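# Inside the fold
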Amino acid sequence: MNETATGKRTMILNMGPQHPATHGVLRVQLELDGETVVKATPVIGYLHTGIEKNAEAKLYYKVIPMTDRMDYLAPMSNNLGFCLALEKLLGLEMPPKVIYARVLLTELTRIASHLVWVGTHALDLGAMSMLLYAFRERELIIDIYEAVSGQRMMSTYFRIGGLAYDLPEDFDKKVKNILKVIPERLKDYERLLNDNKIFRGRTIGVAKISGDDAVNCGLTGPILRGSGVNYDVRKANPYCGYDQFDFNVPLGKNGDVYDRYLVRMEEIKQSLRIVQQALEGMPEGPYQVHAPGIVLPPKEDVLSKMESLIFHFKLITQGFTPPRGAVYQAIESPKGELGYYISSDGTNKPHRMRVRPPCFVNLSVLPKLIEGGLVADVIAAIGSIDIVLGEVDR
Amino acid sequence: MKKVYSGIKNLIIGLFTTGKHLGRHAITVQYPTERWPMPERSRGIVVLLSDKETGELNCTTCLLCMRACPTAAIRIDYDKDEKGKRILKDFVVDQGICCFCGLCEEACNFAALKMATKYEFATYKSEDLIWHTDKLQEIGRDVPYEKPERKKPEAKPAAPKPAPAPNPLPAPEEKPETKDGSKPEVNDAN
């Protein structure tokens, strides 16, 4: 028990790092006056992996598997950000098939990430069966990942200069199945949650933040759009051909937990629209750009052509060397603006790689959201930010 | 009273939605006896592949997989014969370090190693996860694979390559070969 300046007696409570509702190893130090939160301090660093520092000692193409491990619920987005940053530095133009495949897969990633969010968030607020339903639908997307890239979560599918392999044969069928199944299931979710008295009671008016505050705190992603600020990197700075697709950016009004929920549910629908457009317009063509020395040559060429063999050996053993300079590339990951700053000193390893993680910046607003509220609302607030601690700590 | 009524309505809607799932079959499987079929590309443990006819390993000890591995999970010991050709002594994969990224498989030109669709390799000790040539070869025997074929050279040499790379490689000096073949090379290309 501490005594504050006003003479009130408060208590320090550690929430986490092993608390199931903190979505990982987040520790929040709460100073409580009864049930009211007086002060909140998020403590992070329990999942620090040193990815940024590690990248300085690795050849460029070996960094891609590490980026998967940051936001492990959206591996394709992480790969895309890194690959786009380097392609910008190298000045590579992607063939249309690569662009469409990348957009399709990252939008599937967004759906998968939001499904996990809606499941775990509803579980935190007492709706147990939502978790099971959301994970069942996510399984369809994860199956596509496995068929496409070979891994369920750590896909490592995008390469600098294209894709690792071509899309599999039954890819169309599987994506069409998703386009058919998920909209129906979304109706189920909305029936369960949208008008549910308990869910509404625990989310409406909870953890509010105004649009101005959200901008001042540097928030991005659904939490910013839930406050009514229209900022989406896909629209503001289109990358990877997003300007060719037709979709809306859903906005909230009140900036509370319920609005963020609505924004994310609408984003799933908009992502499905993009997936449909990408699937219908999927062009034929090469899945990698023609850039010897940066992209691995095909296996048949390596065995029959001398130049290909030399490029293959050089790329594997020494990597490639981008020109001197620095580059920043931001993408709209499911959590917000994910930016990669890569500074190259003309050698085959990055001089510095800095990741602008959406989760870390969004988490910094947590004290603002919960101070003055109740302990029970802390769970709703943490859930509504949608953090992944792997990305917060990196 | 109105509150009670709407609460009951919510309850009925919720139970109706969840109740729809009562009649359907289970979507889970009883794991040790039943399994999901794995996709063809699924990346499981690293195995060594052998020639189907002779039973010899496909590995030519070019060390590319070792250099491509981002976590240095692969170690290759080799000797050199009098002509200077490398002879494989031991191929070691630490399955505990492996991050299943598949870069080694991409680097290999001879279909010598593959990430098979197998995933059960739990042991009681972490040392047991370090697999040597025999075990890797044994497990890889029934793994299907396609050996890349060497294309027949065309009658006329191909035209010069169109569109050179926007950023052609500079020519860094070649790495000197290790002089004494018996010493295992460390994975320095990380």
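Computed from a prediction, not measured in an experiment: that's the story for all the values here.

## Here's the deal with the domain arrangement of chain A
Residue and element names in this part refer to chain A.
- One can read the domain layout of chain A as domain 1 (2-43) and domain 2 (51-393).
- Here the C-alpha centroids of domain 1 and domain 2 sit 32 Å apart.
- For the side of domain 1 that touches domain 2, the secondary structure elements donating two or more residues are strand E3 (27-33) and strand E4 (36-43).
- Among the elements that line the side of domain 1 that touches domain 2, the one with the most residues is E4, at 7 residues.

## A look at the sheet that holds strand E3 (residues 86-94) of chain B
All names here are of chain B.
- Strand order in this open sheet of 3 strands is E2-E3-E5, and the pairing throughout is antiparallel. Single-partner strands in this sheet number two, and they are strand E2 (74-80) and strand E5 (130-131).
- Sheet analysis places E3 next to E5, joined by 2 bridges and oriented antiparallel. Residue pairing for E5: Val 93 is matched across the bridge by Trp 131.

## A word on the sheet that holds strand E7 (residues 325-333) of chain A
All names here are of chain A.
- The strand order E7-E8-E9 describes an open sheet built from 3 strands, whose pairing is antiparallel. The open sheet terminates on both sides in strands that have one partner only, identified here as E7 and strand E9 (352-356). Each strand of the sheet is rotated relative to its neighbour by a mean of 15°, with strand direction disregarded.
- Both E7 and strand E8 (residues 336-344) contribute to a ladder of 9 bridges, which runs antiparallel. Note on E8: the bridge partner recorded for Tyr 328 is Tyr 341.
- The sheet contacts of helix H3 (residues 75-90) involve E7 and E8, and relative to E7 the element is tilted by about 150°.

## Quick notes on the confidence of the model for chain B
Residue and element names in this part refer to chain B.
- Per-residue confidence for chain B averages 77 on the pLDDT scale, and 79% of its residues sit at or above 70.
- Contacts of residues 171-185 to residues separated by more than four positions or lying in other chains number 11 contacts, the stretch itself having pLDDT below 50.
- Here the predicted complex scores 0.85 on pTM and 0.79 on ipTM.

## Notes on the interface of chain B and chain A
- Every contact between the two is made by 39 residues of chain B and, on the other side, 43 residues of chain A.
- Among the elements of the structure, helix H1 (2-19), helix H2 (64-68) and helix H3 (103-107) of chain B are those that each provide at least two residues to the side of chain B that touches chain A.
- Looking at the side of chain B that touches chain A element by element, the count peaks at 7 residues for H1 of chain B.
- Looking at the side of chain B that touches chain A, its residues break down into 21 nonpolar, 11 polar and 7 charged.

Rules of the game
- Residues numbered from 1 in each chain as written.
- Chains lettered and ligands numbered in written order.
- Predicted model: local features only at pLDDT ≥ 70, side-chain atom pairs only at ≥ 80, totals over all residues.
- Domains from an automatic or database assignment.
- Helix = DSSP H or I, 4+ residues; strand = E, 2+ residues; numbered from the N terminus.
- Pairing = 2+ DSSP bridges.
- Axes fitted to C-alpha atoms, helices over the stretch in contact; angles between N-to-C directions.
- Contact = placed C-beta atoms within 7 Å.
- pLDDT = per-residue confidence, 0-100.
- Nonpolar A, V, L, I, M, F, W, Y, C, P; charged D, E, K, R; others polar.

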